[in-house]
Amino acid sequence: MDSSSSTLLCNPSFFQTKQNILPSQFIWPKDDLVNESYEELNEPLIDLAGFFSGNTGETIKAAELLHTACINHGFFQVTNHGVDEWVVSAAHREADALFKLRNDKKMSLKRKAGSIWGYSGAHSDLSDRIQYI
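A quick note: this is a predicted structure, and the numbers were derived from the prediction, not measured.

## Some thoughts on the overall build of the protein
Alright, step 1. Assigned secondary structure in the protein consists of five helices and two strands.
Alright, step 2. Start at the N end of the protein and walk to the C end: the helices and strands fall as α-β-α-α-β-α-α.
Alright, step 3. Buried positions account for 9% of the 133 residues belonging to the protein.
Alright, step 4. Nonlocal contacts in the protein, meaning residues at least 24 apart in sequence, comprise 51% of its contacts between residues at least 6 apart.
Alright, step 5. Accessible surface, the protein: about 11600 Å² in total, of which carbon and sulfur atoms supply 57%.

Given below as structure tokens:
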């Protein structure tokens, strides 16, 4: 379907004029909301080849990039880390296995408030609280 023949199925201004249109169980607490800024992430690529070869300058550069990434983003990409490809692949398989679990099993691994560990899925805990009217 080309854009000249498309029809707007939902007018966003409709939602701007309605109060409490969403059931309360679908509204997340403000503390759980993601920062609404949409700036480009530009996470650093950290090359560890210099570190492993004993190059002091490259080691300092990698450490500075790592520090900045942890402060600004919380994650980063690493090259020449020396981790065998089969280990990386195994980690990906484990992550895939977790996300393929039934929702009740994933929720048994749910992140506790104030903790950085555990499963967290967008509204995944709502399935038990949804009220159908």
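## What to know about the side chain of Lys106
Alright, step 1. Assignment of secondary structure puts Lys106 in helix 5 (residues 103-107).
Alright, step 2. Summary of buried charges: Lys106 has no salt-bridge partner, and the nearest side chain of opposite charge, Asp104, is 8.9 Å away.

## Description of the pattern of salt bridges
Two side chains that carry opposite charge are able to pair once their charged atoms sit near each other.
Alright, step 1. By the definition in use, this model includes one salt bridge.
Alright, step 2. Notably, a salt bridge pairs Arg102 with Asp104, separated by 2.7 Å at the nearest N-O pair.
Alright, step 3. Here Arg102 falls in the exposed class, since its relative accessible area comes to 60%.
Alright, step 4. A residue is classified by how much of its surface remains accessible, and Asp104, at 48% relative accessible area, is partly exposed.

## Description of the packing of aromatic side chains
Alright, step 1. Tallying each qualifying case throughout the model produces two aromatic pairs.
Alright, step 2. Summarising the aromatic geometry, the rings of Phe51 and Phe52 are spaced 5.1 Å apart at their centres and angled 70° between planes, so their arrangement reads as edge-to-face.

## Some thoughts on unusual backbone geometry
Alright, step 1. Although it is not a glycine, Asn80 adopts a positive phi angle of roughly 55°.
Alright, step 2. Structurally, Asn80 can be placed in the loop between strand 2 (77-79) and helix 4 (85-100).
Alright, step 3. Residue Asn80 is classed as partly exposed on the basis of its relative accessible area, which comes to 47%.

## As for the environment of Phe75
Alright, step 1. Residue placement: Phe75 occurs in the loop between helix 3 (56-72) and strand 2.
Alright, step 2. Taking relative accessible area as the criterion, Phe75 reaches 43% and is therefore assigned partly exposed.
Alright, step 3. Sequence-wise, Phe75 and Glu43 are 32 residues apart; in three dimensions their C-alpha atoms are separated by 7.4 Å.

## Quick word on a nonpolar patch on the surface
Alright, step 1. A surface patch of nonpolar side chains, amounting to about 300 Å² of accessible area, comprises Val83, Trp86 and Val87.
Alright, step 2. Residue classification places Val83 among the partly exposed positions, given a relative accessible area of 42%.

## Quick word on the confidence of the model for the protein
Alright, step 1. Taken residue by residue, the protein gives an average pLDDT of 75. The fraction at 70 or more is 60%.
Alright, step 2. Of all helices and strands in the protein, the one with the weakest mean pLDDT is helix 1 (residues 12-16) (55), whereas helix 2 (residues 49-53) scores best (93).
Alright, step 3. Note on residues 1-8: pLDDT under 50 across the span, and one contact to partners over four residues away in sequence or across chains.
Alright, step 4. pLDDT under 50 marks residues 124-133. Its contacts with residues more than four places away, or in other chains, come to twelve contacts.

The rules we used
- Residues numbered from 1 in each chain as written.
- Predicted model: local features only at pLDDT ≥ 70, side-chain atom pairs only at ≥ 80, totals over all residues.
- Heavy atoms only, no water.
- Helix = DSSP H or I, 4+ residues; strand = E, 2+ residues; numbered from the N terminus.
- Buried < 20%, exposed > 50% of the residue type's maximum accessible area, 1.4 Å probe, protein only.
- Contact = heavy atoms within 4.5 Å.
- Areas by Shrake-Rupley, 256 points an atom, 1.4 Å probe, with all protein chains shown as cover.
- Lys, Arg positive; Asp, Glu negative; His and termini not counted.
- Salt bridge = Lys/Arg side-chain N within 4 Å of Asp/Glu carboxyl O.
- Phe/Tyr/Trp six-rings, centres within 6.5 Å; stacked < 30°, edge-to-face > 60°.
- Patch = residues over 30% accessible without salt bridge, like charges linked within 9 Å, V, L, I, M, F, W, Y side chains within 5 Å.
- pLDDT = per-residue confidence, 0-100.

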